[in-house]
Amino acid sequence: MEDIKYVFDVKKDDFVRAGETSSKVKKILRELGIDSSIIRKISIAAYEAEMNIVIHSTGGQIVLEITPGVIRITANDRGPGIADVELAMKEGYSTATDRVREMGFGAGMGLPNMKRCSDRLYVTSSEGTGTHIVIEVDLKAGEQGE
Amino acid sequence: MNKMKEKYFHSVVLDADRCVGCTSCLKVCPTEAIRLKEGKACIIGEKCIDCGECIRICPNHAKNAVTDSKEILKNYKYTIAIPSLVLYGQFRGNVGINEMLTAVKKIGFDEIFEASVGTEIITNVIKNHILRNPEKKRPIINSSCPAALRLIQIRFPELLPNIADIETPVEIAARLAKAEAVRRTGFSMEEIGVIYISPCTARMTSVKHPIGIKKSYIDGVLSMKDVYGMMLRNLGSNTEDLTRSTKESLLWPIIGGQGEPLGIKNYLAVDGIHEVIKILEEIEMDKLEGLEFFEGMACVGGCVGGPLTIENPFIARRRMKTLAKGLPDSNPSDEEIKGQIEMYKSGFIRLTEAIEPKAVMRLDDDICKSIKKMEKIKEMLKDLPGIDCGVCGAPTCKAFAEDIVKGENRNAVCIVKTMKSFNKEKPQS
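Right, let's walk through the structure included here. (Residues numbered from 1 in each chain as written. Chains lettered and ligands numbered in written order. Predicted model: local features only at pLDDT ≥ 70, side-chain atom pairs only at ≥ 80, totals over all residues. Heavy atoms only, no water.)

**Some points on the packing of aromatic side chains**
Residues and elements named next belong to chain B.
Stage number 1. Taken as a whole, this structure holds 3 aromatic pairs over all chains when the rule is applied.
Stage number 2. Plain terms: the ring middles of Tyr 78 and Phe 187 are 6.2 Å apart, the flat faces sit at 35° to each other, and that makes the pair tilted. With Tyr 78 in strand β5 (residues 78-83) and Phe 187 in the loop between α7 (169-185) and β8 (192-198), this pair connects stretches of sequence that are 109 residues apart.
Stage number 3. What makes Tyr 78 buried here is its relative accessible area of 12%. (Phe/Tyr/Trp six-rings, centres within 6.5 Å; stacked < 30°, edge-to-face > 60°. Helix = DSSP H or I, 4+ residues; strand = E, 2+ residues; numbered from the N terminus. Buried < 20%, exposed > 50% of the residue type's maximum accessible area, 1.4 Å probe, protein only.)

Have a look at this one:
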């Protein structure tokens, strides 16, 4: 089976490099010839996942996996984890500090945007263990984004 | 080679005798459309967007633009010049607009028609009609920069629906000029030649291969560089009263000149192709919420920075701003605006043809094959030095690997890698 995997490290609080991973993801998908509406969805979702790691976690990784049927973004961080995942899924809910909000981040749209831009979203998290997010978008013909 | 030329006409061409293979142009090309082949910087037709970055950077002037020559005037019974407004910024000293236009006319034109007629109309139609359509995707993106349009086709196809579907100032001016001349002179459309005096390489390409319209009404394009010298000799005598430009219309081709007169807060004007790319990335990712209008211009300063201009863009801009001060304000009546919107609705000045995406960045049409190729590239990159020196003929190590996997540029060799393995093989002494 043809599939391909890329692993990117994401550092905590590195706002200068923030967004680089999702740009790389986008570039790879474009070269693969993925439909542009799907590229847009995946790169928005990857950006949100990347920013979550930068803003909220102590660092982590973004993994991009591509198979002929599905594109998968996995975001793993090393903590501190989300206390209430259901609450975090609500639009506008955020634990970001005022400082981060001033910079235009932490609007509480991260997880809701990931959900909007994916066919399947799995979030597992608990305080102390870190957060594990899987975003999947199908590549089947005819199933193209908004 | 000739077949290639027909399929992908580009105004930007290589003068192989002058090219020394220095790699300067490889590095600045925003679409990685140049490769050194046998030591010469060849353009990959399908990737080139005619932005002219390579013309600007080449220290040996080996990159140039194909434009028409003055001889083209002989093909027509009646000729009309439409000089780009940027021309007004090219002359130092106290040269007035009428003096410049008279000098253009003396080259051998029967009539001068100003591009400012077009800029006025575009501002009025976008402000009073297109911006009022809530269905139109935001931000609305200017259609005026042909290099930016081609960039969007290649790299940002998701943003194609955002493009304002209105013609460019020159094209609008050409249509009006021709229609008026037919009425006034009695000559037919074919007997009247509309010649654009261009600061822009990409516009030249758009005249031959229009984007968004079936056929251009411009019959020829002269390079501003060529016209400059001819004008210089004609300046200064028997100045005719030719200009009808207004303040706003003259400032239109300078960066910000399109967004500012729309009277909205949320517009963003960005110049320089590499900066335009960065902002389009942000727009594509929905990161610029609330943005109403995006003005992206490939050249620094806007059209004043065009590759076929003579004057430095900052000096030209200063000069145009000074000239604009002496011009009247644009005060279109409701009736005029209404008429212009009707012209737009009727399709006369509208982009009536779909602007199609061009997937030239993909490795293969079949995604399974693409993935295989991508895997190979990934493997090769582990082995390549990653210093993007360009000596192999590709702008980056990654582009080198891509070319090999795609089966292009077969003779390319990584000299850094060869040297390393050579050093390893050397006996230690």
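**A word on the interface of chain A and chain B**
The accessible area lost on association of the parts is a frequent measure of interface size.
Stage number 1. The interface is formed by 25 residues belonging to chain A together with 25 residues belonging to chain B.
Stage number 2. Here chain A and chain B share an interface that buries about 2,300 Å² over both sides, 56% of which is from carbon and sulfur atoms.
Stage number 3. Among the residues chain A hides against chain B, the three largest losses belong to Arg30(A), Glu31(A) and Arg40(A). Together they make up 31% of the total.
Stage number 4. At the boundary of chain A and chain B, one finds 5 salt bridges.
Stage number 5. One salt bridge connects Lys26(A) with Glu281(B), and the closest N-O pair in it is separated by 2.6 Å.
Stage number 6. Joining chain A to chain B, the criterion identifies 10 residue pairs in polar contact (both at pLDDT 80 or more). (Contact = heavy atoms within 4.5 Å. Buried area = accessible area lost by both parts, 1.4 Å probe. Salt bridge = Lys/Arg side-chain N within 4 Å of Asp/Glu carboxyl O. Polar contact = N/O pair within 3.5 Å; in protein donor to acceptor, adjacent residues only side chain to side chain.)

**Considerations on the environment of Phe293(B)**
Stage number 1. In this fold, Phe293(B) is placed in strand β11 (residues 293-297).
Stage number 2. Once residues lying within four places of it in the same chain are set aside, the contact partners of Phe293(B) are Ile126(B), Pro139(B), Ile140(B), Asn142(B), Gln258(B), Gly259(B), Leu262(B), Ile264(B), Asn266(B), Tyr267(B) and Leu268(B).

**Focus on the pattern of salt bridges**
Stage number 1. Enumeration over the complete set of coordinates arrives at 33 salt bridges over all chains.
Stage number 2. Here Arg40(A) and Glu158(B) are joined by a salt bridge, their closest N and O atoms 3.8 Å apart. In this pair, Arg40(A) is assigned in helix α2 (residues 36-56) and Glu158(B) in the loop between α6 (146-155) and α7, connecting two distinct chains. Accessibility assignment for this pair places Arg40(A) and Glu158(B) in one class, buried.
Stage number 3. Across the pair Arg35(B) and Asp403(B) runs a salt bridge, and its minimum N-O distance is 2.5 Å. With Arg35(B) in strand β2 (residues 34-37) and Asp403(B) in helix α15 (residues 397-406), this pair connects stretches of sequence that are 368 residues apart. Residue Arg35(B) shares its accessibility class with Asp403(B), and that shared class is buried.

**Some words on the pairing of strand β3 (residues 70-77) of chain A**
Residue and element names in this part refer to chain A.
Stage number 1. Along β3, 6 of the 8 residues are buried, which leaves the element largely enclosed by surrounding structure.
Stage number 2. Note that strand β2 (residues 60-66) and β3 share 7 bridges and pair antiparallel. Across the sheet, Gly 60 pairs through a bridge with Asp 77, a residue of β3.
Stage number 3. Between β2 and β3, which pair antiparallel in sequence order, lie 3 residues. (Pairing = 2+ DSSP bridges.)

**A word on the environment of Ile126(B)**
Stage number 1. By the element assignment, Ile126(B) lies in helix α5 (residues 116-128).
Stage number 2. With 132 residues separating them in the primary sequence, Ile126(B) and Gln258(B) have C-alpha atoms 9.8 Å apart.

**Re the nonpolar core**
Stage number 1. Among the nonpolar cores identified, the biggest contains 71 residues, and Ile82(B), Tyr88(B), Ile126(B), Ile166(B), Met231(B) and Leu250(B) are the most heavily contacted of them.
Stage number 2. Per-element accounting of this core gives the leading share, 7 residues, to α7(B).
Stage number 3. When sequence neighbours within four positions are dropped, the list of residues in contact with Met231(B) reads Leu87(B), Phe91(B), Met100(B), Ala103(B), Val104(B) and Ile107(B).
Stage number 4. Core analysis: the second largest hydrophobic core is formed by 55 residues, Ile28(A), Val54(A), Ile71(A) and Ala401(B) among them. (Core = buried A, V, L, I, M, F, W, Y, C linked by side-chain atoms within 4.5 Å.)

**Focus on the side chain of Thr31(B)**
Residues and elements named next belong to chain B.
Stage number 1. Residue position: Thr 31 is located in the loop between α2 (24-28) and β2.
Stage number 2. We classify Thr 31 as buried; its relative accessible area is 2%.
Stage number 3. A polar contact is formed between the side chain of Thr 31 and the backbone oxygen of Lys 47, at a distance of 2.9 Å.
Stage number 4. Among all residues touching Thr 31, those that are not within four sequence positions of it are Lys 47, Cys 48, Ile 49, Leu 151 and Met 361.

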